[in-house]
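Each chain, written out:
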Amino acid sequence: NDWEMLCSIHFGVLIFATPKDPGVKSIPETIADGDLDGDHYLICWDQDILSSIETASVDENTTTTLKNDPIVGITYQKKINGILINAKVVEAEDGGKYSVEIAGKQVSMTHADIMDGRGLVKNIINHRRKEHGWQVEILWDNGVNEWQAVDTYLKKELPDLLTEYAINHGLQNERGWNWVNKHIQYAEVSKIIGHCYRGKSMELEELYDDGTIDQVLMSRARLVYDQREKDILFEYAQDKNLLNTQGFLWLKKNSKQKAENWFENVQNSMGDLNRLNDYNKLTTQLHTALKNIRNSRNIGNDDIVELGRSYKQSLDIQKHGGKVKIPLHLRNEIKEKKLHKYLDFSLQA
């Protein structure tokens, strides 16, 4: 029966095996991060070309171990000279060590060095509300309990675990937990819409691309915002003439460093294959959405016009970067939720 099924398939259809080990990537994923939603693959028989391609010989067991290593890929805060600095575990090395990126440099560290003896997070076992926001009690896999603030850093490190805990305890609609609903919908910060002081601490008001609003302390934003989010905050401060006021001065230094490193930033952006692949997918999905709506509505329909503009912008950002503007009510036309981070939903219907 299997043979008859194979014989019935048209010539040109590619068949990939599914790995038994969930820690091993499928073949399509290893080919330019592809998938099976209609991707085309190039098949080459030319010996002159094939003879010049070198393939690395990797032991299957080693690959599986590295893929399943829970510490590879995590980002965390490392205290150096009394200052907390963002760090990321890039890959596992021989001898039980790891390559860790800290402040733009890669250093070799042991598991104990990375986790400061705490191990990995095992569970969240309790929560409480304090003066400056919520805290959760974390159980580490070495048996130690520790209270930590539910801030921007923790949200990025434990989003799924925090989300599950919040839903199980009915917290997702409480002030300070609204981000849970956004996480489920893969929403991201699209704009800073205000700021205020709570005691001596400055708090920013964030507008997410799904229309929801949340708050974050400026001290945490400064520490854990990525460059895209810092750019959004800089635009807010510049628009409000706040760059020379206390609390916003650091943004000028960040902007200056970004300007000085413009060539390096452009090179990194152009060489980011995952981002380029996402841009191609976004353009394809916008084109499909435009074609589907155009077939069912009049040519002058507002949605057709907006999608046409969005499609054109998607072609431009492949060369120049940035975001594609699209009305919020059309966001579901982009089926792949991870692509929403390249969309700007500030347009009004």
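Preceding block: the structure.
Residues numbered from 1 in each chain as written. Predicted model: local features only at pLDDT ≥ 70, side-chain atom pairs only at ≥ 80, totals over all residues. Heavy atoms only, no water.

Colleague: Provide a residue-level description of the overall build of the chain, including the pertinent values.
Modeller: A tally of helices and strands in the chain yields 14 helices and twelve strands. Across the chain, contacts joining residues at least 24 apart in sequence account for 39% of those joining residues at least 6 apart. Accessible surface computed for the chain: about 22,400 Å², of which carbon and sulfur atoms make up 51%. (Helix = DSSP H or I, 4+ residues; strand = E, 2+ residues; numbered from the N terminus. Contact = heavy atoms within 4.5 Å. Areas by Shrake-Rupley, 256 points an atom, 1.4 Å probe, with all protein chains shown as cover.)

Colleague: Please set out unusual backbone geometry residue by residue, giving values where relevant.
Modeller: In the Ramachandran plot, asparagine 241 falls in the positive-phi region, its phi being about 55° despite a non-glycine side chain. The topology assignment puts asparagine 241 in the loop between helix H10 (227-239) and helix H11 (249-260).

Colleague: Describe helix H7 (residues 159-168), listing the residues and the values that go with them.
Modeller: For H7, the full list of buried residues reads Pro159, Leu162, Thr163, Tyr165 and Ala166. Each buried residue of H7 sits inside an arc of 165° when the element is viewed along its axis, so together they form one side. Seen from the buried face of H7, the exposed residues on the opposite side, beyond 90 degrees, are Asp160 and Asn168. Phi turns positive, to about 65°, at glycine 170, one or two residues after H7. (Buried < 20%, exposed > 50% of the residue type's maximum accessible area, 1.4 Å probe, protein only. Arc of directions from axis to C-beta.)

Colleague: Help me get a handle on the nonpolar core, residues and values and all.
Modeller: Counting residues in hydrophobic clusters, the biggest one holds 19 residues, and the most contacted among them are Ile192, Leu204, Met218, Tyr225, Leu233, Phe248 and Leu251. Only strand S8 (189-198), strand S9 (201-208), helix H9 (218-224), H10 and H11 provide two or more residues apiece to this core. No other element matches H10, which puts five residues into this core. The contact partners of isoleucine 192, leaving out residues within four places of it in the chain, are Leu204, Glu205, Glu206, Tyr225, Ile232, Leu233 and Tyr236. (Core = buried A, V, L, I, M, F, W, Y, C linked by side-chain atoms within 4.5 Å.)

Colleague: For the layout of surface pockets, give the residues involved together with the corresponding values.
Modeller: Roughly 550 Å³ of internal volume is contained in the second largest pocket. Along the walls of the second largest pocket sit 22 residues, with His132, Gly133, Trp134, Glu203 and Leu217 positioned nearest its centre. For the lining of the second largest pocket, the secondary-structure elements that each account for two or more residues are strand S5 (121-130), strand S6 (133-140), helix H6 (152-157) and strand S10 (213-217). Of the residues forming the lining of the second largest pocket, the biggest block, four residues, is contributed by S10. (1 Å grid on protein atoms, 1.4 Å probe; cavity = no way out; pocket = protein on both sides within 12 Å on 5 of 7 lines; lining within 4 Å. Points joined across faces, edges and corners; volume = space filled by probe spheres on them.)

Colleague: Would you mind going over the sheet that holds S9 in detail, with residue names and values included?
Modeller: In sheet architecture, strand pairing relies on hydrogen bonds along the backbone and comes in two forms, parallel and antiparallel. Spatially, three strands are ordered S8-S9-S10 in an open sheet, and the strand pairing comes out antiparallel. With partners counted over all chains shown, the strands left at the sheet margins are S8 and S10, one partner each. Going across the sheet, the axis of each strand differs from the next one's by a mean of 30°, ignoring polarity. In the sheet, S8 pairs with S9 via eight bridges, with the strands oriented antiparallel. Bridging across to S9, cysteine 196 finds its partner in glutamate 203. (Pairing = 2+ DSSP bridges. Axes fitted to C-alpha atoms, helices over the stretch in contact; angles between N-to-C directions.)

Colleague: Talk me through the packing of aromatic side chains; I want residue IDs and the actual numbers.
Modeller: Per the counting criterion, the structure on display carries three aromatic pairs. For the ring pair tryptophan 134 and tryptophan 177, a centre distance of 6.1 Å and an interplane angle of 70° mean the geometry is edge-to-face. Placement of tryptophan 134 in strand S6 and of tryptophan 177 in the loop between H7 and helix H8 (179-184) is noted, with a sequence separation of 43 residues between them. For the pair tryptophan 134 and tryptophan 177, a shared accessibility class is recorded, and that class is buried. When the centroid spacing of 5.0 Å and the interplanar angle of 70° are considered together, the rings of tyrosine 279 and tyrosine 342 count as edge-to-face. A residue pair is termed long-range when its members are at least 10 positions apart, and tyrosine 279 in helix H13 (residues 273-296) and tyrosine 342 in the loop between strand S11 (324-325) and strand S12 (343-344) qualify at 63 residues. No difference in accessibility class separates tyrosine 279 from tyrosine 342, as the two residues are buried. Just above the ring of tryptophan 147 sits the side chain of arginine 128; from NZ or CZ to the centre is 3.9 Å. (Phe/Tyr/Trp six-rings, centres within 6.5 Å; stacked < 30°, edge-to-face > 60°. Lys NZ or Arg CZ within 6 Å of the ring centre and 35° of its normal.)

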